[in-house]
Every structure is written in structure tokens, then in C-alpha cells.
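# Remarks on the overall topology
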2 protein chains.
Amino acid sequence: MSILFSRECEYALQAVSYLALKPAGELTSIKDLTKKLRIPYHFLAKILQRLVGKGLLISQKGPSGGFGLAAPAESITLFHVVDAVDGSDFLHRCVMGFPECSGKHPCAVHGTWGDLREKVYQMLVNQNVAQTAQEMRKPEYRD
Amino acid sequence: MSILFSRECEYALQAVSYLALKPAGELTSIKDLTKKLRIPYHFLAKILQRLVGKGLLISQKGPSGGFGLAAPAESITLFHVVDAVDGSDFLHRCVMGFPECSGKHPCAVHGTWGDLREKVYQMLVNQNVAQTAQEMRKPEYRD
DNA sequence: TTAAATTAAGACAAGAAAGTCTGAATAGCA
DNA sequence: TGCTATTCAGACTTTCTTGTCTTAATTTAA
Ligand code: SF4
Ligand code: SF4
């Protein structure tokens, strides 16, 4: 099981971060991405296509085609990506899985968990993919 | 998709909390639990059996049999339950799904996410199921 | 204009998680 | 003793997620 976000969403975060590393306007093919990130080729293709649909990425077919960010890396936050793929339900759900967080009769962890969710949200919103791209400069991700 | 913990784990948390509401030594049948918590009967049975195996619950067969806590409610924390069902991997995993958190080349969210995981852990460890049981006294869970 | 390289679209397959069913074992009780 | 209510064990089914494959459309460049 994945933590907090779906596998697809995790891959999306990784892929967008990788694209953020490239100069604006440069396109990267699925082949390149899949080689660096070790994400299944066709699965990644679907994910990227969805992100194009959501307006986060642009794409071009044909030789020298590929994918690139649709906006400056500094303006795309992790939350943009998460929201596009998994949605934002996770910001409202009870950690114990109780059906409704009425708020009228909160349990003992209600406040604590609410705070943590908020902090996760802040983390995602405050982090843009230009910053995250630095991760890609780690030795293990170099050519 | 469930958040942070598997469905099975969420059900376990709910069930143990419900049992914590009963006087020590009193046994509750799956039938009763499933009626109150709206958890599928046979699925709940498997979960409870696993918790017995892990030593968190005790059980007795036959008429007037059922399940009960194996220790005082105050001594069982949410983390005990989570650990028994889902394990504690979630305390070490990267929120973006990157394979390894080496720590040698941390990305920009590494520290923040690590702090949040730690706070989740503290929440689970500090909360015992006697406290959580109060949730069950909510109007919507009364008979 | 043709060939090659790429994305686009969607059906299909495999695997994992969630849920169901059946029969056996055990315990209480008349 | 037998009857009934319960847990126990495990196989089975369903549903969801993840991953694969195939074919079409588009673009570039020889
Ligand atoms: S009150 Fe507590 S248990 Fe209930 S929904 Fe809110 S966080 Fe979850
Ligand atoms: S450095 Fe950041 S992206 Fe890499 S594993 Fe740690 S938290 Fe995840």
C-alpha cells in the first residue's frame, strides 16, 4: 500500500519534478523519463496524458516531441499535482476512517489530526516543483 | 482509497475503540459489533481473529462468547492497533514515493515530512483507546 | 512523400485489497 | 447427551489499483 497518495500520484510528483529540472520549453520523451525514474512506460504515459488534460503539462507528438511544464516551475506546487491526480479529499478525511467528521462531537484526536492535515497541506502548497527538482540532482539520479 | 491506513486497519481501530467502551472482562460478539459499527460481518471476524493472534484481544467461543480487550483500555494505544494490522512502515516512507530516503541528500520537503510523520506517531502513541472510546458515546453511535 | 519517432486512446491483464461464504471446532445449557 | 451460539480457518469472489499491449494520429526529417 502506498502512503497518503496513490502510486499514480507519487509517479506524477516524480515526473513533474524531473521535468522541472529541464530548461523551460524543452520537451522530454516518456522514454527518457521512464529510464531515469524507473516508472513503467505505459503507465507513465497515461499519467502524463492526464496531466496534459489537467493543463499542468504540454505535449507534442512526433520526433523530438515529448512533455514539458505548461507553466514556470516556480509556479507549480506539489499540491497542484496531487490535486490533479488524487484530488483533495485527503484534507478532510478521518484518520480512523469514521464516516463523518461532524465536528460537533469531536473525539480526542480530532484536533490533532486536523492540525496535521493542515500542515501537510501547507507543505504541499509551499513547495514548488522547481525546489523539488533539486532532488533529481542527487547522485543516484544523474546520467 | 483510504488515507494513511488500510481499510482493515481503520476497522480495527474502530472495533477496539468500541470494545474499550465495555467494562473490563465483558465480551462482545461480532454480531453486536457489526451492528453498531456497520463493518461487514465476516471481514470484521477476520480482523478480530488477527488481533487475537497479535495478543491485543481475547476471545471465547460458544454462547455468551465474543471478544474483549486483552489488557486495560488505558494501556492500549492507537499505535498498538495500527502496528498490529498495518505495521509501522508508514513511519519511514517518502511522501513522494521515492525509493530511498537516504538522508544524505535530502530534498526540500524531507525535513518537513519527517516532522509530520513523527507527529503522527506521537499522536498514535499518546492516544489510548479508553480515550478514543468516548467517540462511541456520540449520539449517532448510541443504541 | 515516405519512414521513423513520438504522443493519444482505450481495451486488456495481473495483482492487491476488500468482502463473502462454508464448514469445523468449541463452549454453554437444557 | 445433544442443541445452539459463537469463534476459527481458509477458500473463494468481487472490486479497485496498477501495469501492459495494440492501434491510431501526429510531427519531423530524410
Ligand atoms: S471526531 Fe475523531 S474519530 Fe471522529 S471523525 Fe473526527 S478525527 Fe475521526
Ligand atoms: S529526500 Fe525528500 S523526496 Fe527524497 S526520499 Fe526524502 S522526503 Fe522523499
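Our structure is the block above this text.
Figured I'd write up the structure that's included with this text. Numbering of residues begins from 1 in every chain and follows the order in which that chain's sequence is written. Chain A is the first chain written and ligand 1 is the first ligand written, with later ones labelled in order. In view of the model being predicted, local features appear only for residues whose pLDDT reaches at least 70, and side-chain atom pairs are presented and counted only at 80 or more, with totals across whole chains, interfaces and linings using the full set of residues. Values reported for side chains reflect all heavy atoms of the structure, with hydrogen atoms and water molecules removed beforehand.

### Examining the relation of the copies chain A and chain B
Applicable threshold: Alignment of the copies relies on least squares applied to C-alpha atoms, considering only residues that score at least 70 for pLDDT in both. By the convention used here, residues are in contact when the closest approach between their heavy atoms is within 4.5 Å.
Overlaying chain A with chain B gives an RMSD of 0.0 Å, the required rotation being 180° about an axis along which the chain moves by 0.0 Å. When the rotation and shift are considered jointly, the pair of chain copies conforms to a two-fold rotation axis. Ranked by how close their C-alpha atoms come to the rotation axis, the residues of chain A are headed by Leu-4 of chain A, at 2.5 Å. Both copies present the same face, since 100% of the interface residues in chain A are matched by interface residues at the equivalent positions in chain B.

### Quick look at the pairing of strand S2 (residues 66-69) of chain A
Going by this rule: By this definition, two strands are paired if DSSP reports at least two bridges between them. Put simply, DSSP H or I for four residues or longer makes a helix, DSSP E for two residues or longer makes a strand, and each gets a number counted from the N terminus.
With four bridges joining them, strand S1 (residues 57-60) of chain A and S2 of chain A adopt antiparallel strand pairing. Bridge assignment links Leu-57 of chain A to a residue of S2 of chain A, and that residue is Leu-69 of chain A.

### Section: unusual backbone geometry
The bulk of non-glycine residues show a negative phi, and the bulk of peptide bonds are trans. The cut-off we apply is this: Relative accessible area decides the class of each residue, using a 1.4 Å probe on protein chains only: under 20% of the type maximum gives buried, over 50% gives exposed, and in between gives partly exposed.
For Arg-38 of chain A, which is not glycine, the phi dihedral falls at a positive 55°. Overall, the relative accessible area of 71% leaves Arg-38 of chain A in the exposed class.

### What about the protein's contact with DNA strand D?
Put simply, the rule reads: For this purpose, a residue is taken to be near a molecule or strand whenever a single non-hydrogen atom of the residue falls within 4 Å of it. Any pair of N or O atoms that falls within 3.5 Å is considered a polar contact. Within protein, one atom must be able to donate a hydrogen and the other to accept it, and sequence-neighbouring residues count only if both atoms are side-chain atoms.
Taken together, 25 residues are adjacent to DNA strand D, and Pro-40, Phe-43 and Pro-63 of chain A together with Ile-30 and Ser-59 of chain B come closest. Near the protein, within 4 Å, the atoms of DNA strand D are sugar or phosphate in 61% of cases. Within the backbone of Arg-7 of chain A, one N or O atom sits 3.1 Å away from a phosphate oxygen of DNA strand D. Among the elements of the structure, helix H1 (7-21) and helix H3 (41-53) of chain A together with helix H2 (30-37), helix H3 (41-53), strand S1 (57-60) and strand S2 (66-69) of chain B are those that each provide at least two residues to the surface near DNA strand D.

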